[in-house]
Amino acid sequence: MLPIARGIYGGLVNITRNSRGALHTASAFRCKAETSTADAESPEADGEDNSSSSAPDPKDRSKVIPVETSMRYLKSAAYKQTYGEDFVWTQYRRNHKGMYAPRKTRKTCIRQNRISTGNPCPICRDEYLVLDYRNTELLEQFISPHSGDVLSYSKTGLCQKTHLRLMVAVQQARDSGYLTYDVPFREYDYSEYYGQEQKQKA
Ligand SMILES: [Zn+2]
């Protein structure tokens, strides 16, 4: 029994050694190839390195996206694929302890040009959604079709800072004519007014 066992064990050891050795050499070769190519490319790769190192960080918000890009994004296929026919905030859900959400949303999602939370609000999470008075397609998603008012942050889940920026952008858009709005209609009883004037004349 013993010699057979030894034989099997020895064979196994050999196999593992061989496979390990082979793997090791293969990985070493890959490493060598990578280092050699990296060495060859390193003088040119400086510019690319900066872009590639900033791209993998999904929480970085230091890049300023122009409004025109955001407006094109809202009409693009990428936007359709992400949100479909829904509003930007429809699928968003707040995280909170207990059954009831806190009355106010968080103060801000972005601190020092970086997302500081795991569940950023609908506008902060997508860096191509730029709040601006010209970006009416985005602003209209936050305006109630029934009352014409800006929807509450308790419904949309926006952080306080972004909600304030939204209010400012909507007001600017209304002031500059990008968004139309209705003035509340009042009915006056003109007969009373004319009646008084005629009385004064007479
Ligand atoms: Zn936010």
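Model, not experiment: these values are computed from the prediction.

### Considering the environment of Arg93
With respect to the element layout, Arg93 can be found in the loop between helix 4 (77-83) and strand 1 (110-111). Considering only alpha carbons, one finds Arg93 and Thr156, 63 residues apart in sequence, at a separation of 9.0 Å.

### Let's talk about unusual backbone geometry
With glycine set apart, most residues show a phi of negative sign, and most peptide bonds adopt trans. You will see that Gln112, though not glycine, has its phi angle at about 55 degrees, which is positive. With phi around 60 degrees, Asn113 is a residue other than glycine that occupies positive phi space. The topology assignment puts Asn113 in the loop between strand 1 and strand 2 (114-115).

### Let's talk about the confidence of the model for the protein chain
Per-residue pLDDT for the protein chain averages 78, and the proportion of residues at 70 or more is 69%. Confidence, expressed as mean pLDDT per element, reaches its minimum in the protein chain at helix 1 (residues 2-41) with 39 and its maximum at helix 8 (residues 160-175) with 97. Scored below 50 in pLDDT, residues 1-52 makes 0 contacts in the model with residues more than four places away or belonging to other chains.

### A closer look at the environment of Tyr73
When you line up the elements, Tyr73 lands in helix 3 (residues 67-74). When residues no more than four places from it in sequence are discounted, the contact partners of Tyr73 are Ala78, Tyr79 and Tyr128.

What counts, and where the lines are drawn
Residues numbered from 1 in each chain as written. Predicted model: local features only at pLDDT ≥ 70, side-chain atom pairs only at ≥ 80, totals over all residues. Helix = DSSP H or I, 4+ residues; strand = E, 2+ residues; numbered from the N terminus. pLDDT = per-residue confidence, 0-100. Contact = placed C-beta atoms within 7 Å.

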